Amino acid sequence: MEKKFDFKKFLSNNAIIILIILLALFVGCTTQNFFTETNGKNLLLNVAPRFIIACGVSGCLITKGTDLSAGRQVGLAACFSAMLLQSVDYSARMLPWLPDIPWPVALLIVMAIMACFGAINGCIIAFLKVPPFIATLGMQTIVYGLCSVITNNQPMGGYKQSYLTVASGTLGPIPFLAIFALIVGIFFWFLYNKTRHGKYMYAIGGNENAAQVAGVNVTASLIRIYILASCMYALGGFLVGAKAGGASTNTGNGYELEAIAACTIGGVSTNGGVGKVSGVLVGVLVFEVLKICLQFLGVDPAYTYIAQGLVIVIAVALDLRKYLAKK
Amino acid sequence: MEEEKTTSETQKSDSRPDHSQLNAFENFYEKFRKVPLKYIDVFIGVCVAALVIVVLVGILKSKGIL
Amino acid sequence: MSEYRLEMCDVVKTFPGVKALNHAQLKLKPGTVHALMGENGAGKSTLMKCMFGIYHMDEGKVIYEGQEVQIKGPLDALNRGIAMVHQELQPIPERSIGENIYVGRYPTKKYGPVTVIDHDKMYEDAAKVLKEVHLNYDPHAKLGTLSVSQMQLVEIAKAVSADCKVLILDEPTSSLTAAEVEALFTIVNELRAKGVSIVYISHKMDEILRISDEVTIMRDGQYIGTWEAKELTTDMIITKMVGRELSNLYPPRSNTPGEVVFEVKDFTSINPKSFRHVNFNVRKGEILGVAGLVGAQRTELMEGLFGLRCHTSGTITYKGKELTINQPQDAIKNGIAMLTEDRRATGILGVLSIADNVSIASLNKYLIGGIMLDDNKIEKLVQDNVAKLSIKTPSSKTQIQSLSGGNQQKVLIARWLANDPDVFIMDEPTRGIDVGAKYEIYCIIAEMAKQGKSIIMISSEMSELIGMSDRIMVMCDGRCTGFIDGDKANQENIMTLATQFE
């Protein structure tokens, strides 16, 4: 009886992952060039920025919150990066008076700006006690509106070469994007496992009232979490813009849905207090592998969209099941 | 800062948590409390089947078979 | 046909780490008052919840009126004629008394295809029910306008209104005044005469011996036996409940209280119905018990001192220095620790490991280079405490929620001891803990006092207060009504001060 239960539990916990692995194997066997270095690199380039964004959201989810403004913040960040890093001699430059800025400086500026949005999210949630779902939903529309206003709804392009190289360049065989993702991954692993902030975060997620009694400064921790999340969206948007060579108000649209679903698949449950960086990576991989597989098979993007939606629904349903079964 | 009075009890039961203690997701999940787990399993099964079908249809369509 | 209206046979119920019910039995005859007694954690409430279908029994059966039944929940039980008045009230204060009485089973009427609540009938029935239990409240009035004890009487009315055959009263007099208790007994006698089987769960010996016909005693989830009430005395009941002689319940204490170190003056809550103008002090190495009825605001007072609730006036001083406490961090920095009343809600971080739970309040002490946590130091802290407090756990990485109540409580105590507090507030420290672990915790408390810590212990168990305190502070309805020296304390003088309503 015990053994059978474990198998079922394993299946339900990892159903989606198993399905995707099967799909990948199927595609690999029936098509050519799937298990190649180019394809692997492609996967890595897609995974990297999504992983960074998902890491940002993970903190919000672990503390039983959410961040529905992630996608639009990514978009705004991409647009800010574009404005700061367009080639000086580009005819349709957004900010013609701006001197040439090195991309690390631009990145820091964008992170600082987006951190403000994170701080606002955090303050509304921690001080005004507005439910995160509502607070970030509001922020989502505000950010989108701001983006429209600032960019005048014009898509931007004409980036300077050094910015484009961030996305296309490599260090030996490893793409720069992957290095960014690696650094973020290590940083978050360290933060979540080896620092007080991480412990406080899990404590708040596990039982906010008990955490407060134990002396955890819940308000400060929450604000820090949302600020850090926004910094990750900034980095993600910066990289997404570099990769695409352009940015517009549509950039990042819907990214939060995938990021949250990826975290959920990866074990960051809405039960709170639980979640690992490795899980986030697995969740993001599931989505990107699914996309690449279907792309390789030449499937119409519309079907891919539907498939992704179904994966999200299954992830939430499994999480719901886990929640109800627990109680 | 809660102002409610608490009353003593011998053993706390697994009672429904307060509306205020849950986040948005959990408030949503609580609505399914009355649904037997079996139905949720069926729903998940249906979605998985749908996923497989969508992928297959997409593959077959791309190959021009469908 | 069996002479019993309701039987519960061989009931087994296990929670993670705890066997709450171990072949428990209960047999109810019609027209009798059957007392169910046992210490906290003996399994009384659990057994009742199994009967009601709130908990699912692992083993055992319920036989009602000769047939085996599976009761699916409180509403199903109510429909069969089994009603329960809970100890923990679940009132809806913003709604009217009538609505509270009929919640979940509102009388309805149809307007064609549409079914709506028949408010007129509901209030008519509610008025009748209230009259039956001799209460003259207006059924339209909001429940929140009543006091806690009055709400409890409404709960009783609710159960009686269901025209039940079995009525379970779980600590029904915990918030009632003496006059209200008499009113309750009148109702109980009337119901008994009507043939209702009444289960009376209480800790109050004199009430039990007065009102009940039979007494069933449980200990540690097990059925000890059933006796006729007239054959029992208080001492006999206590001995059977506890399983050992009264004199061995509490460890010998060798703490010597010193000078006054912790003083609280004129402490008043921002809520006018809560604690007000409370003055007390605690000496070094002293155990101050805090007694009072449910609703006396003891927990609220301590939460106020710890920074979990707001106060409008009053001062807290430690060794002469005034402390400003607006949130728990302030209290902790000033050497105060608090073990809360409900460890599941505000104590343990359930999904986290024991190591995390022990270290969470003192993480600043285990840093390498000011940022990184030293896992080795934390592990050592955990192992030291596991040894010192006899915590039974497979490893330091085990989730705390899989431990038994007693071990969870010890982990929480370890958490606070890691900061070496001077003042340790404990709110019902042995609630929901089996007898063996209780003794271990008493030893820990005694040891802390011996080391010079000031302990403030809120407890609703009279014998615990008398057995462990050097001095007892009694509260009633938010006010401090008096102090009693430990060796002069007894049930009478504590209860006298605890019921000194204005």
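Residues numbered from 1 in each chain as written. Chains lettered and ligands numbered in written order. Predicted model: local features only at pLDDT ≥ 70, side-chain atom pairs only at ≥ 80, totals over all residues. Heavy atoms only, no water.

Trainee: Can you lay out the overall build of chain B for me, pointing to particular residues and giving the numbers?
Mentor: On a plain count of helices and strands, chain B comes out with two helices and zero strands. Taking all 66 residues of chain B together, 29% fall into the buried category. (Helix = DSSP H or I, 4+ residues; strand = E, 2+ residues; numbered from the N terminus. Buried < 20%, exposed > 50% of the residue type's maximum accessible area, 1.4 Å probe, protein only.)

Trainee: Please set out the UniProt feature "transmembrane region" (unreviewed entry) in chain A residue by residue, giving values where relevant.
Mentor: Residues and elements named next belong to chain A. As annotated by UniProt and renumbered to match this structure, "transmembrane region" (unreviewed entry) occupies residues 12-35, 105-128, 133-151, 171-192 and 303-320. The span residues 171-192 is 77% helix and 14% strand, and its two end C-alpha atoms sit 28 Å from each other. Annotated as residues 303-320, this span is 100% helix and 0% strand, and its ends, taken at the C-alpha atoms, are 25 Å apart. (UniProt positions renumbered as here; feature names shortened; annotations may be inferred.)

Trainee: Summarise the UniProt feature "transmembrane region" (unreviewed entry) in chain B; cite the residues concerned and give the values.
Mentor: Feature annotation in UniProt places "transmembrane region" (unreviewed entry) on residues 39-60 of chain B, given in this structure's numbering. Structurally, residues 39-60 of chain B comprises 100% helix and 0% strand, and the distance from its first C-alpha atom to its last is 31 Å.

Trainee: Just give me the short version of the packing of helix H2 (residues 37-62) of chain A against helix H7 (residues 176-194) of chain A, but keep the residues and values in it.
Mentor: Residue and element names in this part refer to chain A. Orientation of H2 relative to H7, taken along the N-to-C sense of each, is 20°, at an axis distance of 8 Å. As the angle between them shows, H2 and H7 are arranged roughly parallel. Between H2 and H7 lies a crossing whose hand is left-handed. Touching Leu 44, Leu 45, Ala 48, Phe 51, Ile 52, Cys 55, Gly 56, Ser 58, Gly 59 and Ile 62 of H2 are Leu 177, Ala 178, Phe 180, Ala 181, Val 184, Gly 185, Phe 188 and Tyr 192, all from H7. Looking at the contact of H2 with H7 residue by residue, the classes come out as 14 nonpolar, four polar and no charged. (Axes fitted to C-alpha atoms, helices over the stretch in contact; angles between N-to-C directions. Parallel < 35°, antiparallel > 145°, perpendicular 65-115°, else oblique. Left-handed = near helix turned anticlockwise from the far one by under 90°. Contact = heavy atoms within 4.5 Å. Nonpolar A, V, L, I, M, F, W, Y, C, P; charged D, E, K, R; others polar.)

Trainee: So, the side chain of A:Ser148: which residues are in play, and what are the values?
Mentor: Checked against the element boundaries, A:Ser148 lands in helix H5 (residues 132-151). Those residues within four positions of A:Ser148 in sequence are excluded, and the remaining contacts are A:Asn153 and A:Thr249.

Trainee: Tell me what's going on with the sheet that holds strand E13 (residues 260-269) of chain C, and back it up with residues and numbers.
Mentor: Residue and element names in this part refer to chain C. With antiparallel pairing, four strands are arranged side by side in an open sheet as E14-E13-E16-E17. Single-partner strands in this sheet number two, and they are strand E14 (278-283) and strand E17 (321-323). Averaged over all neighbouring strand pairs, the angle between strand axes comes to 20°, with direction disregarded. (Pairing = 2+ DSSP bridges.)

Trainee: Which residues make up the interface of chain A and chain C, and what are the values?
Mentor: Between chain A and chain C, the residue contacts involve 23 residues of the former and 28 residues of the latter. Note on chain A versus chain C: buried area summed over both sides is about 2,000 Å², and carbon and sulfur give 62% of it. Between A:Lys194 and C:Asp375 there is a salt bridge; the shortest N-O distance is 2.4 Å. Our count for the chain A to chain C interface comes out at eight residue pairs in polar contact (both at pLDDT 80 or more). Listed by contribution, the elements that provide at least two residues to the side of chain A that touches chain C are H7, helix H8 (196-206) and helix H9 (208-213) of chain A. In terms of residue count, the dominant contributor to the side of chain A that touches chain C is H8(A) (six residues). (Buried area = accessible area lost by both parts, 1.4 Å probe. Salt bridge = Lys/Arg side-chain N within 4 Å of Asp/Glu carboxyl O. Polar contact = N/O pair within 3.5 Å; in protein donor to acceptor, adjacent residues only side chain to side chain.)

Trainee: Can you tell me about the side chain of A:Asp67, naming the residues and giving the values?
Mentor: Residue and element names in this part refer to chain A. Mapped onto the fold, Asp 67 is located in the loop between H2 and helix H3 (70-85). For the buried residue Asp 67, which engages in no salt bridge, the nearest side chain bearing the opposite charge is Arg 72, 11 Å off. Side chain to side chain, Asp 67 and Ser 69 meet in a polar contact 2.5 Å long. Excluding its chain neighbours within four sequence positions, the residues that come into contact with Asp 67 are Cys 60, Gln 73, Asn 121, Thr 136, Tyr 226, Ala 229, Tyr 233, Glu 256 and Ile 260. (Lys, Arg positive; Asp, Glu negative; His and termini not counted.)

Trainee: With reference to specific residues and values, describe the sheet that holds strand E9 (residues 166-170) of chain C.
Mentor: All names here are of chain C. Spatial strand order, E6-E9-E10-E3-E11-E12: six strands in an open sheet with mixed pairing. Single-partner strands in this sheet number two, and they are strand E6 (82-85) and strand E12 (222-228). Averaged over all adjacent pairs, the angle separating strand axes in this sheet is 20°, with direction ignored. Summarising the sheet, E6 and E9 pair through four bridges and their orientation is parallel.

Trainee: How would you summarise the pattern of salt bridges if you had to cite specific residues and measurements?
Mentor: All names here are of chain C. In this structure the tally under the stated criterion is 31 salt bridges over all chains. Between Lys 488 and Asp 485 there is a salt bridge, and its shortest N-O distance comes to 3.6 Å. With a relative accessible area of 56%, Lys 488 lands in the exposed category.

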